Structure formats: structure tokens, C-alpha cells
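# Structural features, examined
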Amino acid sequence: PLANVFRFKNSALSIDLMKFKPHGEMNFEVGPANKPVLAGKVEAGLENGEFFAKGTLKPGGPIPGIREAAGEVIYRPSVGWSGKMTASSATFASTGMDVELGFHEKGGRFVPYGTGSIKTNIRDKAELKLGASWHGQGIEYWGHVLVEKPLPFLKSVKLEGAYKGNILKISGETGFNWKGID
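Residues numbered from 1 in each chain as written. Predicted model: local features only at pLDDT ≥ 70, side-chain atom pairs only at ≥ 80, totals over all residues. Heavy atoms only, no water.

### Here we look at the overall build of the protein chain
Basically, it comes down to this: Strands here mean DSSP runs of E at least two residues long; helices mean DSSP runs of H or I at least four residues long; both are numbered from the N terminus. Every radius of gyration here is taken over C-alpha atoms, with the globule rule written as 2.2 Å times N^0.38, N being the number of residues. Type-normalised accessible area, obtained with a 1.4 Å probe on protein chains alone, sets the label of each residue: buried when under 20%, exposed when over 50%, and partly exposed for intermediate values. Only heavy atoms matter for contacts: two residues are in contact if any of them lie within 4.5 Å across the pair. Accessible areas in this description were obtained via Shrake-Rupley with a 1.4 Å probe; residue shielding takes into account the shown protein chains only.
When helices and strands are tallied, the protein chain shows zero helices and 12 strands. Its C-alpha radius of gyration of 24 Å places the protein chain more than 25% over the 16 Å reference for a compact globule of 182 residues. For the protein chain, the C-alpha atoms occupy an extent of roughly 80 × 45 × 30 Å along the three principal directions. Here the protein chain holds 182 residues, and 18% of them are scored as buried. By sequence separation, contacts in the protein chain at least 24 residues apart represent 15% of the contacts at least 6 residues apart. Carbon and sulfur atoms provide 61% of the accessible area of the protein chain, an area that totals close to 13300 Å².

What follows is the structure, given as C-alpha cells:
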């Protein structure tokens with residue numbers, strides 16, 4: 001039964017019917033009572049005279065390989081629904097990952113999006129970051145690499161690139177020191 005996996009905890013909601021003023025929050029857990037998988041909260045109220053509802057989700061405990069994870073959903077009559085889920089990872093000391101999946105309403109339409117990147121350091125001399133994003137049509141890829149002191153006379157080399165809609169953009173920069181000339 002649903003009652004075995006979904007429980008409300010420490011919740012209080014009230015509505016002033018004369019002023020239509022909702023206020024309060026509901027806290028809940030999902031999963032076994034002794035080890036919930038998710039913990040969440042839904043808040044409702046008025047802000048600047050407008051009704052709002054906001055919900056948040058967090059894992060009930062550690063997730064292997066994930067440093068941080070969270071989710072949220074928001075409703076306001078003036079803008080509609082929006083929400084996102086985020087996760088960050090640091091599997092290795094020099095590598096990290098960030099991901100975000102979300103949506104919002106625009107002109108009464110549901111608009112999903114997703115973005116993510118991975119960043120790593122190579123032998124304390126180079127930083128490499130690669131990412132991708134999607135906003136309903138086509139995927140955009142991007143990245144950069146920064147290499148410190150690749151050669152004795154070069155201070156650093158930075159290369160950046162992006163690909164979107166059949167267009168590839170690449171740029172780079174470097175600084176050098178040769179016989180005292182910068």
C-alpha cells in the first residue's frame with residue numbers, strides 16, 4: 001500500500017478563507033520508514049499578493065558517486081510551473097560532473113531543458129571541461145582546455161570550442177615569454 005512507502009511528517013497547512021491566504025508546509029518521506037529514499041517538503045503561501053507553491057526533494061541518504069542531489073518544483077499563477085533536478089559528482093579527486101534537467105512554462109507550453117558538464121584536471125597542468133545542453137531543439141556541445149606551462153616559453157594555452165546548429169566555433173589564446181619579452 002501507498003501508506004507503507006509515502007508518509008507525511010511534521011506538516012501544518014492553514015487557509016484564511018476570508019482573505020484566501022494559504023500558508024504552511026507539508027513534509028514527507030518516500031521509502032521504508034527506517035531508511036527513506038527521498039525526503040521532501042511542499043510549501044504554500046502568498047508572496048506579493050500572489051499564491052505560490054514550492055516543493056523540494058532530497059535523497060534520503062548518500063547515493064554512491066553523487067556528492068549532492070536535489071529537486072524543486074514551483075507554481076505561480078502568473079508564470080505557471082517550473083522545476084529542475086540537479087546532481088553533482090566527484091568520483092575522483094580531480095574529476096567532477098554537474099547535471100541539471102528541468103522545465104518551465106512559456107506561453108502556456110511545457111518547455112524542457114537539460115545541461116551537463118564534466119571537468120577534470122590532468123596531472124595538475126591541464127583543466128579539461130566538456131559539456132552539452134539541450135533546450136527543446138538540437139543539442140549544443142561545448143568545451144575548453146587550459147594547459148599551464150606546456151612548454152618552457154609558453155605561460156599557458158587555452159582552447160575553446162562550441163558546436164550548435166551546424167556551426168563550429170573554435171578560439172584559442174596563449175601567452176609567452178621569450179628572452180624576457182612577454
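### Examining the pairing of strand E12 (residues 167-176)
Keep this limit in mind: We treat two strands as partners when DSSP finds at least two bridges between them.
In terms of burial, E12 is largely open, as just one of its 10 residues are buried. The sheet contact formed by strand E11 (residues 154-164) and E12 spans 10 bridges and is antiparallel. Within E12, the residue paired with Lys-158 across the bridge is Glu-173. Between the antiparallel neighbours E11 and E12 lie two residues, among them Gly-165 with a positive phi of about 55°.

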